[in-house]
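Per-entry structural report
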Amino acid sequence: MKRTLICIAGMLLFGLSACQKPCECPVADEPVACGVPEQAAAPEAAAPEAAAPEAAKPAADETPITAGAEEIVLPKPVATDVTLTKALEERRSVRNYDAEKNLKLQDVSNLLWSAYGVNRPDGKRTAPSARNMQSATIYALFEKGAYKYDHAAHKLIRLSEADLRPLKVAPMELLVTSNFTGDNADDPAKAVDYATIRGIDTGVVAQNVHLYCAAAGLATVIRMQRTRDDAIVSGLQLTDNDHLIFNMAIGYEQK
Ligand SMILES: Cc1cc2nc3c(=O)[nH]c(=O)nc-3n(C[C@H](O)[C@H](O)[C@H](O)COP(=O)(O)O)c2cc1C
């Protein structure tokens, strides 16, 4: 609320664009992903680096993801130049992944923002949600750790150092849960209703993931998540009200 008021004030003072910049609302007191992605900027000339001892250099393709960092601040999402129509043409399920090819951090950022990031100053998201309860939560699971997607800060918070990927076939596997408070109402008809809403609230996120993957040349497939074992429940700190809905493997297709 406070942020929204500050944003409105900022828009009046600085013009509408003040609150439409991606990821940083210049007049808000904390960074928020509050706009559409920027077009990719031309690469800047790299600043000269101090010489580091040979042994201290990370592997060339190491990222905070492959290193299993505790917190991964994602880069600003960048727009692809693929049209929505082209992405819809390309969208399909892929089940064979190149085990050797890791995802770029920028793709992880773009994908999570597309899936369920914040796209407006009022904190609403790229996918609709029933009564704006924003019931879906995305967990990004890698070989070196399991993370929760913090949409407001656009970062990944490590919850476990374990490899909790359900299938272990792709470099990143998403688990999507739904949490509705108050859906265990006595009325069974209402319970059925909530189950449907959970499916829809998370299903729209899945299609966002599919479309981003199609646009970015990534491969994915959605599968219902039927296993709810102790490792997942404790590793992801799930409560009884966090319903596991589906997983999505994300990577590059094995050709
Ligand atoms: C809710 C849902 C559950 C699915 N479960 C699986 C699954 O368990 N295993 C699988 O290989 N594909 C699964 N799929 C993917 C479908 O098989 C796939 O979308 C369908 O065959 C159409 O192919 P396409 O996505 O390439 O158009 C699922 C899709 C949805 C929407």
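As the structure is a prediction and not an experimental result, all values here were calculated from the model.

**Quick look at the pairing of strand β9 (residues 242-251)**
Of all 10 residues in β9, 9 are buried; the element is thus mostly enclosed. Pairing geometry for strand β8 (residues 219-224) and β9, over 6 bridges, is antiparallel. For I222, the partnering residue across the bridge sits in β9 and is M248.

**So, the sheet that holds strand β5 (residues 145-150)**
Read from one edge of the open sheet, 7 strands run β2-β6-β5-β4-β7-β9-β8, paired in antiparallel fashion. Since the sheet does not close on itself, it has two edges, and those belong to β2 (71-73) and β8, each with one partner. Direction aside, the axes of adjacent strands within the sheet are offset by 25 degrees on average. Where β5 lies against strand β6 (residues 155-160), 5 bridges are found, and the strand directions are antiparallel. Each residue of the ladder has a partner; that of Y147, found in β6, is R158. With respect to the sheet, helix α4 (residues 105-116) is in contact with β4 (136-142), β5, β7 (172-179) and β9, its orientation differing from that of β4 by roughly 160 degrees.

**Overview of the site of the ligand**
Around the ligand, the surrounding shell consists of R92, S93, R95, V221, I222, R223 and M224. Grouping the constituent residues of the shell around the ligand by class yields 3 nonpolar, 1 polar and 3 charged.

**Observations regarding the nonpolar core**
Of all hydrophobic cores here, the largest spans 47 residues; its most connected members are I138, A140, L174 and I250. Those elements that provide at least two residues to this core are α4, β4, β5, β7, α5 (188-216), β8 and β9. Tallying contributions element by element places α5 first for this core, with 7 residues. The contacts of I138, once residues within four sequence positions are left out, are L112, A115, Y116, Y149, L174 and V176.

Here is what the cut-offs are and how they apply
- Residues numbered from 1 in each chain as written.
- Predicted model: local features only at pLDDT ≥ 70, side-chain atom pairs only at ≥ 80, totals over all residues.
- Buried ≥ 20, exposed ≤ 12 C-beta atoms within 10 Å, placed from the backbone.
- Helix = DSSP H or I, 4+ residues; strand = E, 2+ residues; numbered from the N terminus.
- Pairing = 2+ DSSP bridges.
- Axes fitted to C-alpha atoms, helices over the stretch in contact; angles between N-to-C directions.
- Contact = placed C-beta atoms within 7 Å.
- Near = placed C-beta within 6 Å.
- Nonpolar A, V, L, I, M, F, W, Y, C, P; charged D, E, K, R; others polar.
- Core = buried A, V, L, I, M, F, W, Y, C linked by C-beta atoms within 7 Å.

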